[in-house]
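# Residue-level structural notes
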Amino acid sequence: MHINLPEKRYYAIGEVAKAFNVNTSLIRFWEKEFDVLKPKKNAKGNRKFTPEDIKNLKFIYHLVKERGFTLEGAKTHLKEEKKQALNTFEIVSKLEDIKNQLNKIKQHL
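Everything in this summary refers to the structure shown in the same document. Since the model is a prediction, treat every value here as computed from it, not as a measurement.

## Remarks on helix H3 (residues 51-66)
Here H3 contains 16 residues, and its C-alpha end-to-end distance of 21 Å stays within 8% of the 22 Å for a straight helix at 1.5 Å per residue. Looking one or two residues past H3, glycine 68 carries a phi angle of roughly 80°, positive in sign.

## So, a nonpolar patch on the surface
A cluster of nonpolar side chains, contributed by Ile91, Leu95, Ile98, Leu102, Ile105 and Leu109, occupies part of the molecular surface with about 660 Å² of accessible area. Take leucine 102: it is sitting in helix H4 (residues 71-108). Under the relative-accessibility criterion, leucine 102 is labelled exposed at 51%.

## Things to note about helix H2 (residues 24-33)
The set of residues buried in H2 consists of Ile27, Trp30 and Glu31. Taken end-on, H2 shows its buried residues confined to a sector of 105°, consistent with a single buried face.

Parameters at a glance
Residues numbered from 1 in each chain as written. Predicted model: local features only at pLDDT ≥ 70, side-chain atom pairs only at ≥ 80, totals over all residues. Heavy atoms only, no water. Helix = DSSP H or I, 4+ residues; strand = E, 2+ residues; numbered from the N terminus. Expected span 1.5 Å × (residues − 1). Patch = residues over 30% accessible without salt bridge, like charges linked within 9 Å, V, L, I, M, F, W, Y side chains within 5 Å. Areas by Shrake-Rupley, 256 points an atom, 1.4 Å probe, with all protein chains shown as cover. Salt bridge = Lys/Arg side-chain N within 4 Å of Asp/Glu carboxyl O. Buried < 20%, exposed > 50% of the residue type's maximum accessible area, 1.4 Å probe, protein only. Arc of directions from axis to C-beta.

Dropping the structure here:
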């Protein structure tokens, strides 16, 4: 999945939900379910997601929505194989981005 978010320090929950094409309630639910998601909250209680949170959300989205893991299965996978699985996921994501860029270049030729 390719997420279009500008480079910023913090993202509002609405921006994040729109980028992932999900409801904000799902993002809040995942925040409660997964310990790796720890968005900052301002004085009003609005969530501000960091780029690290976005990376973790991408991985959770990949496990739950794309690979069909249950929430418990995704939690277990994150705990047991987090570093290796996250590295593999990052490599695949970067390769997919490169593929998309190459396809765009090909179309312009």
